[in-house]
Amino acid sequence: MPELPEVETILRDVQRYIAGAEVAGAEVLDERIAGHPGSEVFLKRLTGRSITEAWRRGKHLVLGLDSGDSLVLQLKIGGQLLLVPPVEMPTTDLMLRLDLEDGRKVVLRDETSYTRAQVFTAQELEERFANLGPEPFDKAFTVDYLPESIGKRRAQIKPLLLDQRTVAGVGNIYVDEALFEAGINPRRKASSLLRAEWERLHRAIVSNLEAGIEHRGTTFSLYRDLLGRKGTHQDHLKVFLRTGKECPGCGGVVVKMTVGGRATFVCETCQPEEGEKDTGSEGAEQLELL
Ligand SMILES: [Zn+2]
């Protein structure tokens, strides 16, 4: 499931290997990919255009075209963006093929079929991204941002962090890892988090995403970079998909639960459901009793 680190890894490959290339031709191989307004309009706006730049917003990969339009890719669950060659032309689950002017091809392949590709004008793009929260590496994502934006919410912290309106690019793997590192149970109400916990959470979100990029993403089965290579961050995960394995924090056991409808991995010792006691006030009360 490509999250920020996986999309960032693909982005850096795109910048390195295909930025500046011209899309001489294109073919939609699965009508579901283009969505509204349909593949005919989509192909018309794409064909003959050069890719002038590439960037990322949350989990979206954006290829800027010389027309001023942008090709926006969402790899969703199992999307793969592959450059042929060096990758051998895949034979199954192809959704879109771009024929570059220099003979290479860029293919979007997805056995889950959820990948989407759309061409937007600058204004459409702005509207599309208007509701996304800040980028985790942007200066707007300060240590105060999360408590200020969701700190009064009584909803559980994990679904709030997965909401792309809160912070862009965080998904199921990295949120579980960040909550573990911060010692916060994913079922805790956001309004119950203490200042020190928000600080740890902020630090953990940034550091886990950075580590994911450093390891070129997490590959359990489907994720590949532009050249078809797997990531290695799966070897560094502490709780995600580690049900029954030893918690690296306390030696206890990692358990699986469902939070907000999503598979969730926690150490209930390191991430207690009742959270930390607010020692500020309770400590004072105890002193009075003494
Ligand atoms: Zn533990």
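Everything below is about the structure shown above.
In this report, we go over the structure that sits alongside the text. (Residues numbered from 1 in each chain as written. Predicted model: local features only at pLDDT ≥ 70, side-chain atom pairs only at ≥ 80, totals over all residues. Heavy atoms only, no water.)

1. Thoughts on the overall build of the protein chain
(1) Moving on: The number of helices and strands found in the protein chain is eight helices and ten strands.
(2) Moving on: Principal-axis analysis of the C-alpha atoms gives the protein chain an extent of 80 × 40 × 30 Å.
(3) Moving on: Split into buried and exposed, the 290 residues of the protein chain put 51% on the buried side.
(4) Moving on: Excluding contacts between residues fewer than 6 apart, the proportion of contacts in the protein chain whose partners are at least 24 apart in sequence is 64%.
(5) Moving on: If you sum the accessible surface of the protein chain, you get close to 13,700 Å²; carbon and sulfur atoms cover 48% of it.
(6) Moving on: For the protein chain, the separation between the mean place of its 38 positive charges and that of its 45 negative charges on side chains is 2 Å. (Helix = DSSP H or I, 4+ residues; strand = E, 2+ residues; numbered from the N terminus. Buried < 20%, exposed > 50% of the residue type's maximum accessible area, 1.4 Å probe, protein only. Contact = heavy atoms within 4.5 Å. Areas by Shrake-Rupley, 256 points an atom, 1.4 Å probe, with all protein chains shown as cover. Lys, Arg positive; Asp, Glu negative; His and termini not counted. Charge placed at Lys NZ, Arg CZ, Asp CG, Glu CD.)

2. Section: the pairing of strand β7 (residues 105-109)
A regular strand carries its side chains on alternate faces of the sheet.
(1) Moving on: Of all five residues making up β7, four are buried, and the element is well covered by its neighbours.
(2) Moving on: The pairing of strand β5 (residues 80-84) with β7 spans five bridges and is classified as antiparallel. Its bridge partner lying in β7, L82 is registered against V107.
(3) Moving on: Strand direction decides the pairing type here: strand β6 (residues 94-100) and β7, joined by five bridges, are antiparallel. Bridging from a neighbouring strand, R97 pairs with V107 of β7. (Pairing = 2+ DSSP bridges.)

3. A short note on the sheet that holds strand β4 (residues 70-74)
By definition, the strands of a sheet pair up through backbone hydrogen bonds, in either a parallel or an antiparallel sense.
(1) Moving on: Taken in spatial order, the four strands make up an open sheet running β2-β3-β4-β8, and their pairing is antiparallel. Sheet topology places β2 (51-57) and β8 (116-120) at the edges, where each strand pairs with a single neighbour. Each adjacent strand pair in this sheet contributes to an overall mean axis angle of 20°, direction not counted.
(2) Moving on: Looking at chain direction, β4 and β8 are connected through five bridges and run antiparallel. Residue pairing for β8: L73 is matched across the bridge by A117.
(3) Moving on: Strands β3 (60-65), β4 and β8 of the sheet are contacted by helix α2 (residues 39-46), whose axis makes an angle of about 60° with β8.
(4) Moving on: Along the sheet, helix α3 (residues 122-129) contacts β2, β3, β4 and β8; its crossing angle with β8, the most-contacted strand, is approximately 130°. (Axes fitted to C-alpha atoms, helices over the stretch in contact; angles between N-to-C directions.)

4. Description of the coordination of the zinc ion
Expected angles at a metal are 109.5 degrees for tetrahedral coordination by four donors and either 90 or 180 degrees for octahedral coordination by six donors.
(1) Moving on: Coordination sphere of the zinc ion, protein contribution only: C247 (SG), C250 (SG), C267 (SG) and C270 (SG), at 2.2 to 2.4 Å.
(2) Moving on: As a motif over one chain, the donors of the zinc ion read C-x2-C-x16-C-x2-C. A residue pair is termed long-range when its members are at least 10 positions apart, and C247 in the loop between α7 (195-214) and β9 (255-259) and C270 in the loop between β10 (262-266) and α8 (279-289) qualify at 23 residues.
(3) Moving on: Among the residues examined, C247 registers a relative accessible area of 1% and is labelled buried. (Donors = N, O, S within 2.8 Å, 3.2 Å for Na, K, Ca; no water.)

5. Quick word on the sheet that holds β7
(1) Moving on: The antiparallel open sheet is built from four strands, whose spatial order is β1-β6-β7-β5. Each end of this open sheet is capped by a strand with a single partner; those strands are β1 (23-28) and β5. The mean angle between the axes of side-by-side strands here comes to 15°, regardless of whether they run parallel or antiparallel.
(2) Moving on: Sheet topology note: the β1/β6 ladder contains five bridges and is antiparallel. Across the sheet, the residue bridging to V23 is L100, located in β6.
(3) Moving on: The sheet strands contacting α2 are β1 and β6, and the helix crosses β1 at an angle near 165°.

6. Here's the deal with unusual backbone geometry
It is generally the case that most residues other than glycine have a negative phi and that most peptide bonds are trans.
(1) Moving on: Cis rather than trans, the peptide bond between V84 and P85 has omega equal to -20°.
(2) Moving on: If you trace the backbone, P85 turns up in the loop between β5 and β6.
(3) Moving on: Cis geometry is found at the peptide bond from P85 to P86, where omega equals 15°.
(4) Moving on: Mapped onto the fold, P86 is located in the loop between β5 and β6.
(5) Moving on: Residues other than glycine seldom take positive phi values, yet D93 does so here, at roughly 60°.

7. Quick notes on the nonpolar core
(1) Moving on: Of all hydrophobic cores here, the largest spans 35 residues; its most connected members are L146, I157, L161, W198, L201 and I205.
(2) Moving on: Those elements that place two or more of their residues in this core are α4 (145-150), α5 (157-162), α6 (172-182) and α7.
(3) Moving on: Excluding anything up to four places from it in sequence, I205 contacts F141, L146, L161, V170 and A178.
(4) Moving on: I51, A117, Y223 and L227 belong to the second largest nonpolar core, which has 34 residues in total. (Core = buried A, V, L, I, M, F, W, Y, C linked by side-chain atoms within 4.5 Å.)

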